[in-house]
Amino acid sequence: MVCHTTQEYRLLDAVGSSAKVITDDQLALFAKDFHLPDTLVPGYRALMPLAPALDIYLAIFGDMQFSEYSTRLAERHAQSGGRAFMSRFARQRNGPEGAVYAWHCADIPFRVRQPHCQERRVPHQRTAER
């Protein structure tokens, strides 16, 4: 089973593991550096017309990091005779500090056909900045 959340890309920014691409010029340079097709950034922009450059960058970079390789893995598994299940999970919720975007493992109850499972919330704790 392979699943991606629809806003998984936000994880990269939340944990500080990606560049801060905040202008269209930086986004164009990113696309050039990675030899992305000329239609890719405009395609993402069309899907996310009101999104700032950072969200477009994170969506593309997240798909490069997560979606592409797990999709290839599922395809190879299926091609070799195994069963593969792929999904995109779009459930969202709000937490104490606003929207929770990259809500990992929230799809599990739906995958095991028990969506009535109680949601468990872990109290939010701030950690000191290093």
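What you see is a predicted model, and the numbers here were worked out from it, not measured in a lab. (Residues numbered from 1 in each chain as written. Predicted model: local features only at pLDDT ≥ 70, side-chain atom pairs only at ≥ 80, totals over all residues. Heavy atoms only, no water.)

**Things to note about the overall build of the chain**
Piece 1. Check the secondary structure of the chain and you find 5 helices and 4 strands.
Piece 2. The N-to-C order of helical and strand elements in the chain reads β-α-α-α-α-β-β-β-α.
Piece 3. Split into buried and exposed, the 130 residues of the chain put 28% on the buried side.
Piece 4. For the chain, the accessible surface area stands at approximately 9,700 Å², while carbon and sulfur atoms represent 55% of it. (Helix = DSSP H or I, 4+ residues; strand = E, 2+ residues; numbered from the N terminus. Buried < 20%, exposed > 50% of the residue type's maximum accessible area, 1.4 Å probe, protein only. Areas by Shrake-Rupley, 256 points an atom, 1.4 Å probe, with all protein chains shown as cover.)

**As for the packing of helix H3 (residues 40–47) against helix H4 (residues 53–79)**
Piece 1. Viewed as axis vectors pointing N to C, H3 and H4 meet at an angle of 115°, and their least axial separation amounts to 10 Å. Along this stretch, H3 crosses H4, giving a crossing that reads as right-handed. Seen from H3, the contacting residues are Leu40, Val41, Tyr44 and Arg45; seen from H4, they are Ala53, Ile56, Ala59, Ile60 and Asp63.
Piece 2. By residue class, the composition of the contact of H3 with H4 is 7 nonpolar, no polar and 2 charged. (Axes fitted to C-alpha atoms, helices over the stretch in contact; angles between N-to-C directions. Left-handed = near helix turned anticlockwise from the far one by under 90°. Contact = heavy atoms within 4.5 Å. Nonpolar A, V, L, I, M, F, W, Y, C, P; charged D, E, K, R; others polar.)

**Describing the pattern of salt bridges**
Piece 1. Summed over all chains, the structure comprises 2 salt bridges.
Piece 2. For the salt bridge of Arg45 with Asp24, the shortest nitrogen-to-oxygen distance reads 2.8 Å. With Arg45 in helix H3 and Asp24 in helix H2 (residues 24–33), the pair connects residues that are 21 residues apart, well separated along the chain.
Piece 3. With relative accessibility at 25%, the residue Arg45 sits in the partly exposed group.
Piece 4. Glu75 is the partner of Arg76 in a salt bridge, and the nearest nitrogen-oxygen pair spans 4.0 Å.
Piece 5. With relative accessibility at 38%, the residue Glu75 sits in the partly exposed group. (Salt bridge = Lys/Arg side-chain N within 4 Å of Asp/Glu carboxyl O.)

**Here we look at the environment of Arg45**
Piece 1. Along the backbone, Arg45 and Asp55 are 10 residues apart, and their C-alpha atoms lie at a distance of 9.6 Å.
Piece 2. If near-sequence neighbours (up to four positions away) are discounted, Arg45 is found in contact with Asp24, Leu27, Ala51, Pro52, Ala53 and Ile56.

**What about the confidence of the model for the chain?**
Piece 1. Averaged over the chain, the pLDDT score is 76; the fraction of residues at 70 or greater is 60%.
Piece 2. Confidence over residues 119–130 falls short of pLDDT 50; this stretch has 9 contacts with residues more than four positions distant or in other chains. (pLDDT = per-residue confidence, 0-100.)

**A closer look at the nonpolar core**
Piece 1. Counting 17 residues, the largest nonpolar core has Leu27, Phe30, Leu36, Val41, Ile56, Tyr57 and Ile60 as its most contacted members.
Piece 2. Going through the elements one at a time, H2, H3 and H4 are the ones with two or more residues in this core. (Core = buried A, V, L, I, M, F, W, Y, C linked by side-chain atoms within 4.5 Å.)

**Quick word on the packing of aromatic side chains**
Piece 1. A complete count under the given rule lists 4 aromatic pairs for this structure.
Piece 2. Both rings, one in Phe30 and one in Phe34, keep their centres 5.1 Å apart while their planes meet at 55°; by these two values the pair is tilted.
Piece 3. Note on Phe30: relative accessible area 7%, which makes it buried.
Piece 4. A relative accessible area of 43% places Phe34 in the partly exposed class. (Phe/Tyr/Trp six-rings, centres within 6.5 Å; stacked < 30°, edge-to-face > 60°.)

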